[in-house]
Amino acid sequence: MKKLFGGIIGAGKNSFIGLIHRASASFHGEAEITAGIFSSDPVRSAERGAELGIEKSRIYSNYAEMIEKENSLSEGTRIDFVIIATPNASHSSMTKAFLEGGFHVVSDKPMAVSLSEALEIKKTAEKTGMIFALTHGYTGYPMVKQARDLVRSGRIGNVISILVGYTQGWLSPLINDPEIFKTWHLNPAVSGPSCTMIDVGIHALNLTQTITGLKPEKVCADLNTAIPGNQLDDNGSVLIKFGGMVNGLLHASQVSTGEGNALRIRIYGDKAGLSWDQESPEVLEMMNPDGTSTIFKKGIPALCREAQKASNLPPGHPEGLICAFSNIYSAAFRAMRCVKNNKFPCSGGISGWDFPSIEEGITGIAFVEAILESNKSSEKWIKVIL
């Protein structure tokens, strides 16, 4: 299997998500990062690229230069794909430019900051035939795939209701001292029309959609900001009506003092319920009607094929976010090879592949726009326009 070559934009020295992307893309030895833009400052970009062992001629100052020069290289040398790990507002323009330049794209979420931008990306991807992958990385965990299988197989029966929350505390110091640190997440020009809902709320929605296959149809939202002077939401709750008369409640916050990265979901069916916590990702609980629980653990023979395949290490050896992200990357790389070798169809998940892609991205942005409209409206329910 020939190794794929990739570029990355936004892998600065202090970039947490840049590290996750670089490590995940190369985790299985399927790809190697050989080019990139590592800072908006050309000097810092050159310094960081050198630290990562990138050839000097392939450390670029801007993405237009990167597209032009990579396309001038021979097949087998130029990059096959690009990772976009920059702040939100730049995702759409970069994604379209690289797709049109003939490169596959793996983008951090959100895919765009408006539904109109997201739909433009869809048109571009369809026109070019290139792969677009969206790193809702939590869906790469084996227990998420097991939960999806339990729903699809009917083990929990018909879904009745869903409770999902994503709470963090990293912005809570700003409540009492708004000047203690600065972040682009609170800047509408960079983050887009939302902070918390477009940052972590759509992760909670995507987790729900991945496991159940359900899409939101209507929302009733109450958003708030606890940080003085903040123009965007930093916490809020959303009532959701899914298809099939399923009700949901989604809560997201980045001012939940003391929380780390608490993405938690409960799904209740008429035969059983499911409970999963991202901070204890290797355990999935199925709650039985008699009050007992069936516990699924990563790596055990009782798991479905997809969950077993997503387990990178033997049972009892903990895996984490990089392993989950690496499963997203491996699925995307299989799709890229299918395109390269004209081998269709390739089986997969919701979007035809077992990784989040354009349709999931569009759903997320449509959901956020409906939430923002609902929060401003006197109407109880706002339709999610898909």
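Bear in mind the structure is a predicted one, so any value in this text is a computation, not a measurement. (Residues numbered from 1 in each chain as written. Predicted model: local features only at pLDDT ≥ 70, side-chain atom pairs only at ≥ 80, totals over all residues. Heavy atoms only, no water.)

*Asks:* Hey, could you run me through the packing of aromatic side chains in this one?
*Replies:* By convention here, two paired aromatic rings are described through the distance between centres and the angle between planes. Evaluation of the coordinates by the stated rule reveals 7 aromatic pairs. Centre to centre, the rings of Phe81 and Phe333 are 5.1 Å apart; their planes meet at 50°, and the pair counts as tilted. Note that Phe81 is positioned in strand S3 (residues 81–84) and Phe333 in helix H10 (residues 321–341), a separation of 252 residues in sequence. As far as the burial class goes, Phe81 and Phe333 line up, both buried. (Phe/Tyr/Trp six-rings, centres within 6.5 Å; stacked < 30°, edge-to-face > 60°. Helix = DSSP H or I, 4+ residues; strand = E, 2+ residues; numbered from the N terminus. Buried < 20%, exposed > 50% of the residue type's maximum accessible area, 1.4 Å probe, protein only.)

*Asks:* Is there a simple way to think about helix H5 (residues 115–128) in this case?
*Replies:* Side chains that are three or four residues apart share a direction in an α-helix, a result of its 3.6 residues per turn. For H5, which comprises 14 residues, the first-to-last C-alpha distance of 20 Å matches the rise-based estimate of 20 Å (1.5 Å per residue) to within 8%. Within H5 the residues assigned to the buried category are Leu115, Ala118, Ile121, Thr124 and Ala125. Positive phi appears at Gly129, one or two residues downstream of H5, with a value of about 75°. (Expected span 1.5 Å × (residues − 1).)

*Asks:* Would you take a moment to explain the pairing of S3 for this structure?
*Replies:* Consecutive side chains along a regular strand alternate between the two faces of the sheet. Of the two faces of S3, the one holding Phe81 and Ile83 and the one holding Val82 and Ile84 are both buried throughout. In the sheet, strand S1 (residues 4–9) pairs with S3 via 4 bridges, with the strands oriented parallel. Looking at S3, one finds that Ile8 is bridged to Ile83. As defined by bridge partners, S3 adjoins strand S4 (residues 104–107) across 4 bridges and the pair is classed as parallel. Each bridged residue has a counterpart across the sheet, and for Ile84 the counterpart in S4 is Ser107. Each parallel crossover has a hand, and for S3 linked through helix H4 (residues 91–100) to S4 it is right-handed. (Pairing = 2+ DSSP bridges. Right-handed = clockwise from strand over helix to strand, strands pointing away.)

*Asks:* Quick question: what am I supposed to make of the environment of Pro87 here?
*Replies:* Tracing the backbone shows Pro87 in the loop between S3 and H4. For Pro87 and Ile67, which are 20 residues apart along the polypeptide, the C-alpha to C-alpha distance reads 19 Å. For Pro87, the residues in contact, after removing those within four places along its chain, are Trp184 and Val190. (Contact = heavy atoms within 4.5 Å.)

*Asks:* Would you take a moment to explain the packing of helix H1 (residues 16–26) against H10 for this structure?
*Replies:* The geometry of H1 relative to H10 is characterised by a closest axis approach of 8 Å and an angle of 55° between their N-to-C directions. What the angle tells us is that H1 and H10 run oblique. Every pair of crossing elements has a handedness; the one defined by H1 and H10 is right-handed. Residue-level contacts link Phe16, Ile17, Ile20, His21, Ala23, Ser24 and Ala25 of H1 to Leu321, Ile322, Phe325, Ser326, Tyr329 and Phe333 of H10. (Axes fitted to C-alpha atoms, helices over the stretch in contact; angles between N-to-C directions. Parallel < 35°, antiparallel > 145°, perpendicular 65-115°, else oblique. Left-handed = near helix turned anticlockwise from the far one by under 90°.)

*Asks:* Explain a positive patch on the surface here, please?
*Replies:* There is a patch of like positive charges on the surface, built from Lys218, Lys241, Lys380 and Lys383. With respect to the element layout, Lys218 can be found in strand S7 (residues 216–224). (Patch = residues over 30% accessible without salt bridge, like charges linked within 9 Å, V, L, I, M, F, W, Y side chains within 5 Å. Areas by Shrake-Rupley, 256 points an atom, 1.4 Å probe, with all protein chains shown as cover. Salt bridge = Lys/Arg side-chain N within 4 Å of Asp/Glu carboxyl O. Lys, Arg positive; Asp, Glu negative; His and termini not counted. Charge placed at Lys NZ, Arg CZ, Asp CG, Glu CD.)

*Asks:* Whenever I open this one, the nonpolar core confuses me. Can you help?
*Replies:* A general feature of soluble globular proteins is that nonpolar side chains tend to end up buried together. Membership of the largest hydrophobic core comes to 106 residues, with the highest contact counts inside it found for Met66, Phe81, Met111, Leu250 and Phe355. With 12 residues, H10 is the single largest residue contributor to this core. The residues contacting Phe81, other than those within four sequence positions of it, are Leu4, Phe5, Gly6, Gly7, Ala31, Ile33, His104, Val106, Phe333 and Met336. Counting 7 residues, the second-largest nonpolar core is a separate cluster that includes Leu174, Leu186, Ile227 and Val255. (Core = buried A, V, L, I, M, F, W, Y, C linked by side-chain atoms within 4.5 Å.)

*Asks:* Where do I start with the pattern of salt bridges in this structure?
*Replies:* The final tally for this structure, using the stated rule, is 17 salt bridges. In this structure, Lys109 and Asp199 form a salt bridge, with 2.6 Å as the shortest nitrogen-oxygen distance. Here Asp199 lies in helix H8 (residues 196–212) and Lys109 lies in the loop between S4 and H5, a separation of 90 residues in the sequence. With its nearest N and O atoms 3.2 Å apart, the salt bridge here joins Asp277 to Arg264. Of the two residues, Asp277 is situated in strand S11 (residues 273–277) and Arg264 in strand S10 (residues 262–269); the sequence distance between them amounts to 13 residues.

*Asks:* Would you mind showing me how to read a nonpolar patch on the surface here?
*Replies:* Taken together, the side chains of Leu163, Leu239 and Leu249 make up a nonpolar region of the molecular surface, amounting to roughly 230 Å² of accessible area. On the secondary structure map, Leu163 appears in strand S6 (residues 159–167).

*Asks:* Help me out: how do you make sense of helix H11 (residues 358–376) in this one?
*Replies:* Between its first and last C-alpha atoms H11 spans 28 Å; for 19 residues at 1.5 Å apiece the expected length is 27 Å, and the two agree. Summarising burial for H11: 14 of the 19 residues are buried, a large majority.

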